[in-house]
Amino acid sequence: MISGFCSDRFAPVKAAFERNFSELGEVGASVCLSVDGEVQADLWGGVANPQTGEAWAQDTTSIVFSCTKAATALCAHILIDRGELDPAAPVAKYWPEFAQHGKEAATVQMMLNHESAVPAFREPLREGGFLDWDYMTSRIEAEAAWWEPGTRNGYHMVNFGWTVGQLVRLVSGKSLGQFFADEVAGPTGADFWIGIPDDFDRPIAPIIPYAPKEGDALSDFTVKVLTEPQSLQSLSFLNHGGWHMNDPQAHRAEIGGAGGIANARGQVAMYTPLAMNDGSLVSPDRVAAMGRVSVATSMDATLLVPSRFASGFMKSMDNRAFPQGDQASAIIGDGAFGHVGAGGSIGFADPECGLAFSYTMNQMGQGILLNERGQSLIDAAYQALGYTSKASGAWRN
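Residues numbered from 1 in each chain as written. Predicted model: local features only at pLDDT ≥ 70, side-chain atom pairs only at ≥ 80, totals over all residues. Heavy atoms only, no water.

**What about the overall build of the protein?**
- Scanning the protein from N- to C-terminus turns up 12 helices and 13 strands.
- Against the compact-globule benchmark of 21 Å for 397 residues, the protein has a radius of gyration of 19 Å, which places it among compact chains.
- Over its C-alpha atoms, taken along the principal directions, the protein stretches across nearly 55 × 50 × 45 Å.
- Residue burial in the protein is summarised as follows: out of 397 residues, 59% are buried.
- In the protein, 68% of the contacts between residues at least 6 apart in sequence involve partners at least 24 apart.
- Within the structure as shown, the protein displays about 14600 Å² of accessible surface, and the carbon and sulfur contribution to it stands at 50%.
- Placing the 26 positive and 44 negative side-chain charges of the protein at their respective mean positions leaves the two points 3 Å apart. (Helix = DSSP H or I, 4+ residues; strand = E, 2+ residues; numbered from the N terminus. Rg over C-alpha atoms; globule rule 2.2 N^0.38 Å. Buried < 20%, exposed > 50% of the residue type's maximum accessible area, 1.4 Å probe, protein only. Contact = heavy atoms within 4.5 Å. Areas by Shrake-Rupley, 256 points an atom, 1.4 Å probe, with all protein chains shown as cover. Lys, Arg positive; Asp, Glu negative; His and termini not counted. Charge placed at Lys NZ, Arg CZ, Asp CG, Glu CD.)

Given below as structure tokens:
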């Protein structure tokens, strides 16, 4: 069932991957990691499409949801590193139409921090709206701020792709997907796309939604989604104009907050230069900035749990002390930065130990961050590197 390569040093990662299938309900998945630029594990297995029985192959991809935000953020950081985008500048400098309806004070950094105050739309999106970049950015321009920008942060669940992505588009003169292809995926060889091309020939595993079980404990976020249709939580999650994760047209759209197509190998290729801090994508100073916490809160306005971000990237989030905290945690190294995706996928770089890591799958798990399958793989990787504890809220050696 499991194919690929794993060095002896990281045999515990392979063992955890196998356990995910035998004990934890994994259907199809991939896991990959590199250390100091050398791939130490590249594994895949299971069933990519349960309806056809197609196996998960070496080149199988899937939608990686919010892992895409890290790719979008990286594009912005490349422009920042080149001096073309100023994080301290008002968004209006680059995107004048955004600066209205209470959003005038928003800065580029606030957009990266999920502080720019447009995490959701109050009025329904038109059918197919997610697939139309100009429509979505015009809706963001017209949306009134949910709070005064910079006074709080609330996870911009899908809108991050259009807020930060539109800055990339306006500054670079290229669409977000094209910029990412030219400046990141091309140079690194990453199997990662923000909008697949017409000649795309890799298999895409359809995502299998999590099926709630009797007795499942619900997070505060989920309760809001299910019971308060006009809440920020429900609107950010359900007001999507009929977008569906397995729609082939959605795979072709540039949805920079949730629509990337990749696999674990592709994400590791993107993160490896950052883990090595080799200067090939951005300068060492920019990598340091990308790993530094830029906003932290005791209650994210959208997720309703504490959150920590580093200019568009997620940092280690340990919410285990909260009710249902195992559904709202993603514990990585203290110096690591990356992003989770809905259902439990993840990719990140940890320059402290030279680690680039990713896990992707088709069977979604419960919760809004990681679940046991992904966290067990991360735990095994850090333990193999000699790290001893995550009790502090991040892996330490």
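Still more to cover.
**Concerning the pairing of strand 9 (residues 307–310)**
- The pairing of strand 8 (residues 295–297) with strand 9 spans three bridges and is classified as antiparallel. Across the sheet, T297 pairs through a bridge with S307, a residue of strand 9.
- Two elements, strand 9 and strand 10 (residues 313–314), share two bridges in a ladder whose sense is antiparallel. The residue of strand 10 that forms the bridge with A310 is F313.
- Counting the residues in the hairpin turn of strand 9 and strand 10 gives two residues, including S311, whose phi is positive at 50°. (Pairing = 2+ DSSP bridges.)

**A look at the side chain of D350**
- Position of D350 relative to the elements: it lies in strand 12 (residues 345–350).
- We note that D350 is buried and unpaired, the nearest opposite charge coming from K315 at a distance of 7.6 Å.
- Those residues in contact with D350, other than ones at most four positions away along the chain, are A275, G333, G335, A336, L355, Y382 and Y387. (Salt bridge = Lys/Arg side-chain N within 4 Å of Asp/Glu carboxyl O.)

**What about the sheet that holds strand 6 (residues 192–193)?**
- One open sheet holds the three strands; their spatial order is 5-7-6, and the pairing between them is antiparallel. Looking along the sheet, the strands with just one partner apiece sit at the ends: strand 5 (62–63) and strand 6.
- With two bridges connecting them, strand 6 and strand 7 (residues 261–262) associate as antiparallel partners. Of the residues in strand 7, the one forming a bridge with F192 is A262.

**What about the packing of aromatic side chains?**
- In this structure the tally under the stated criterion is 13 aromatic pairs.
- Between the aromatic rings of W193 and F200, the centroid separation amounts to 4.8 Å while the plane-to-plane angle is 90°, which identifies the pairing as edge-to-face. Grouping residues by exposure puts W193 and F200 together as buried.
- The interplanar angle of 65° and the centroid separation of 4.9 Å between the aromatic rings of Y382 and Y387 together place this pair among those described as edge-to-face. (Phe/Tyr/Trp six-rings, centres within 6.5 Å; stacked < 30°, edge-to-face > 60°.)

**With respect to the pattern of salt bridges**
- Applying the stated rule across the entire model yields 15 salt bridges.
- Between R320 and D318 there is a salt bridge, with the nearest N and O atoms lying 2.7 Å from each other.
- Here D318 falls in the partly exposed class, since its relative accessible area comes to 28%.

**Re the nonpolar core**
- Core analysis: the biggest nonpolar cluster contains 121 residues, and L74, L274, F357 and Y382 have the highest contact counts within it.
- The greatest single-element share of this core, amounting to 10 residues, is contributed by helix 2 (residues 67–81).
- Filtering out sequence-adjacent residues up to four positions away, F357 remains in contact with V31, C32, L33, V268, I346, G347, F348, L377, I378 and A381.
- Core analysis: the next-biggest nonpolar cluster, separate from the first, contains seven residues, A117, L232, L235 and A301 among them. (Core = buried A, V, L, I, M, F, W, Y, C linked by side-chain atoms within 4.5 Å.)

**Things to note about unusual backbone geometry**
- Here the phi dihedral of F65 falls at roughly 50°; this positive angle occurs in a residue that is not glycine.
- Despite not being glycine, N277 has its phi angle at roughly 55°, a positive value.
- Tracing the chain through its elements places N277 in the loop between helix 10 (264–276) and helix 11 (284–290).
- A residue is classified by how much of its surface remains accessible, and N277, at 29% relative accessible area, is partly exposed.

**Comments concerning the environment of A142**
- Here A142 lies in helix 4 (residues 133–142).
- Considering only alpha carbons, one finds A142 and L131, 11 residues apart in sequence, at a separation of 18 Å.

**Re a nonpolar patch on the surface**
- A surface patch of nonpolar side chains, amounting to about 270 Å² of accessible area, comprises L218, V223 and L226.
- Looking at the secondary structure, you find L218 in the loop between strand 6 and helix 7 (220–227). (Patch = residues over 30% accessible without salt bridge, like charges linked within 9 Å, V, L, I, M, F, W, Y side chains within 5 Å.)

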